[in-house]
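# A structural walkthrough
Listed below, chain by chain, are the residues.
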Amino acid sequence: MGVCTSSTAQCLPRQSPIDIQTRRAKYDSSLKPLFIQYDPNTSKRIINVGHCFNVEFDDSSDRSVLSEGPLTSHYRLRQFHFHWGTSDRDGSEHVIDGQTYPAELHIVHWNSQRYSSFEEATKHSDGLAVIGVLLKIGEPNPVLQNIIDNLDKVKTKERTYWTYLGSLTTSPYSECVTWVLLQEAITISSEQLQHFRGLQNEDEEFILENHRPLQPIEKRLVKSSCK
Ligand SMILES: NS(=O)(=O)c1ccc(C(=O)NCc2ccccc2F)cc1
Ligand SMILES: [Zn+2]
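Not measured: the values here are computed from a predicted model.

Inspection of every chain in the model, using the stated rule, returns 10 salt bridges. For the salt bridge of D58 with R63, the shortest nitrogen-to-oxygen distance reads 3.8 Å. By relative accessible area, D58 is classed as partly exposed at 24%. The partner of R78 in a salt bridge is D59, and the shortest N-O contact between them spans 2.9 Å. Here R78, found in strand 7 (residues 75–84), pairs with D59, found in the loop between strand 5 (53–57) and strand 6 (65–68); they are 19 residues apart in sequence, far enough to count as distant. For R78, a relative accessible area of 24% gives the class partly exposed. Three or more residues joined by partner-sharing salt bridges are found here, namely D39, D58 and R63.

Considered as a void within the structure, the largest pocket measures approximately 490 Å³ in volume. Lining the largest pocket are 27 residues, and of these N54, Q79, H81, F118 and T170 lie nearest its centre. Of all the secondary-structure elements, those providing two or more residues to the lining of the largest pocket are strand 4 (43–48), strand 5, strand 7, strand 9 (103–111) and strand 10 (128–137). Across the lining of the largest pocket, the residue classes tally to 11 nonpolar, 11 polar and 5 charged.

Near ligand 1 lie 15 residues; those nearest to it are H83, F118, L168, T169 and T170. In this structure, a nitrogen atom belonging to ligand 1 sits 3.3 Å away from a side-chain N or O atom of H81. Here a nitrogen atom of ligand 1 sits 3.3 Å away from a polar atom, N or O, in the side chain of H83. Relative to its unbound accessible area of 490 Å², ligand 1 is 78% covered by the protein chains. Taken atom by atom, the bulk of ligand 1 overlaps the largest pocket. Going through the elements one at a time, strand 7, strand 9 and helix 1 (118–121) are the ones with two or more residues in the shell around ligand 1.

What follows is about the packing of aromatic side chains. In total, this model carries 7 aromatic pairs according to the counting rule given. Summarising the aromatic geometry, the rings of F80 and F82 are spaced 6.2 Å apart at their centres and angled 90° between planes, so their arrangement reads as edge-to-face. Take F80: its relative accessible area is 0%, and that puts it in the buried class. Seen from their ring centres, W84 and F196 are 5.0 Å apart, and the 40° between their planes marks the pair as tilted. On the criterion of sequence distance, the pair formed by W84 in strand 7 and F196 in helix 4 (residues 190–197) is long-range, its members being 112 residues apart. Each member of the pair W84 and F196 is classed as buried. Among the aromatic residues, ring-to-ring pairing joins F53, F57, F80, F82, W84 and F196 into one connected group.

Quick look at the coordination of the zinc ion (ligand 2) now. Bound to the zinc ion (ligand 2) on the protein side are H81 (NE2), H83 (NE2) and H106 (ND1), at distances that span 2.0 Å. The site at the zinc ion (ligand 2) holds 4 donor atoms, and with the angles between them running 100 to 118°, its shape is tetrahedral. In the primary structure, the donors to the zinc ion (ligand 2) are separated according to the pattern H-x1-H-x22-H.

Turning our attention to the nonpolar core. A general tendency of soluble globular proteins is for nonpolar side chains to be buried together. Ranked by internal contacts, the top residues of the largest apolar core, which has 31 residues, are F82, W84, I131 and L135. Broken down by secondary-structure element, the contributors of at least two residues to this core are strand 3 (34–37), strand 5, strand 7, strand 9, strand 10, strand 12 (177–182), strand 13 (186–188) and helix 4. Among the elements that take part in this core, strand 7 stands out by supplying 5 residues, more than any other. Not counting the four nearest positions on each side in its chain, L135 is found in contact with F82, Y101, P102, A103, E104, L105, L144, I186 and I188. Counting 22 residues, the second-largest nonpolar core is a separate cluster that includes Y101, F118, A121 and W179.

It is worth spelling out the pairing of strand 12 at this point. Look at any regular strand and the pattern is simple: side chains alternate between the two faces of the sheet. In terms of burial, strand 12 is largely enclosed, as 6 of its 6 residues are buried. Here strand 12 shows no split at all, with V177, W179 and L181 on one side and T178, V180 and L182 on the other all buried. The pairing of strand 10 with strand 12 spans 5 bridges and is classified as parallel. Counterpart to A129 in the pairing with strand 12 is T178. As defined by bridge partners, strand 11 (residues 161–166) adjoins strand 12 across 6 bridges and the pair is classed as antiparallel. Considered in strand 12, the bridge of L165 is made with T178.

How each quantity is defined
Residues numbered from 1 in each chain as written. Chains lettered and ligands numbered in written order. Predicted model: local features only at pLDDT ≥ 70, side-chain atom pairs only at ≥ 80, totals over all residues. Heavy atoms only, no water. Salt bridge = Lys/Arg side-chain N within 4 Å of Asp/Glu carboxyl O. Buried < 20%, exposed > 50% of the residue type's maximum accessible area, 1.4 Å probe, protein only. Helix = DSSP H or I, 4+ residues; strand = E, 2+ residues; numbered from the N terminus. 1 Å grid on protein atoms, 1.4 Å probe; cavity = no way out; pocket = protein on both sides within 12 Å on 5 of 7 lines; lining within 4 Å. Points joined across faces, edges and corners; volume = space filled by probe spheres on them. Nonpolar A, V, L, I, M, F, W, Y, C, P; charged D, E, K, R; others polar. Near = heavy atom within 4 Å. Polar contact = N/O pair within 3.5 Å; in protein donor to acceptor, adjacent residues only side chain to side chain. Areas by Shrake-Rupley, 256 points an atom, 1.4 Å probe, with all protein chains shown as cover. Sits in = over half its atoms within 2 Å of the grid points. Phe/Tyr/Trp six-rings, centres within 6.5 Å; stacked < 30°, edge-to-face > 60°. Donors = N, O, S within 2.8 Å, 3.2 Å for Na, K, Ca; no water. Tetrahedral: all angles 85-135°; square planar, octahedral: opposite > 155°, others 65-115°. Core = buried A, V, L, I, M, F, W, Y, C linked by side-chain atoms within 4.5 Å. Contact = heavy atoms within 4.5 Å. Pairing = 2+ DSSP bridges.

The structure is reproduced here in structure tokens:
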């Protein structure tokens, strides 16, 4: 079924990000552990896309894939990027019980089992799967420093997560994303975060923030992989 880009009668909007109200999240024992298999050699380049920077991967084959968890297909790694704010007080897109975090990592995958390209996948409700990782201020994170060849270590052993059906958080806001938000935040130092705010867009203005405001949860249910 194609995605509903507007709030047409037959389907309520499923926009992202949302406030995850943990007490309302429902434990779903059918949710399996995530299967994450990343080949660091598939990383291609870092590219400034104007509102943020994407670390892109070679997604011409299933060498770096995400499957299991809430997913019923395997999803191919395409890129990862971050969202941040003008200060350490906010910057994450998802919010947990009203608490904002200073930044958020999005690891973007597309359903290569059912669709022939990323662009095609964004037209379908099960087209993408994005892993969201909240960042909190703490010790400088060596992994973030050279995350490209360490993406493997981002995988925490015991990965519990929330999952819900949502959308891209930047235009065209396609409602094609199964969100998988890890419950364990990783650290970044304030200095490392400051580097993000030093990035410039095409008009050479600093990208001081790039997180979308919260969207209505509507009738959606957030599921949790643990009690
Ligand atoms: N912040 S996020 O929700 O994780 C997010 C992930 C990927 C995109 C993207 O690829 N946009 C370009 C794009 C969109 C649709 C079709 C083709 C595209 F290149 C946008 C937002
Ligand atoms: Zn994002």
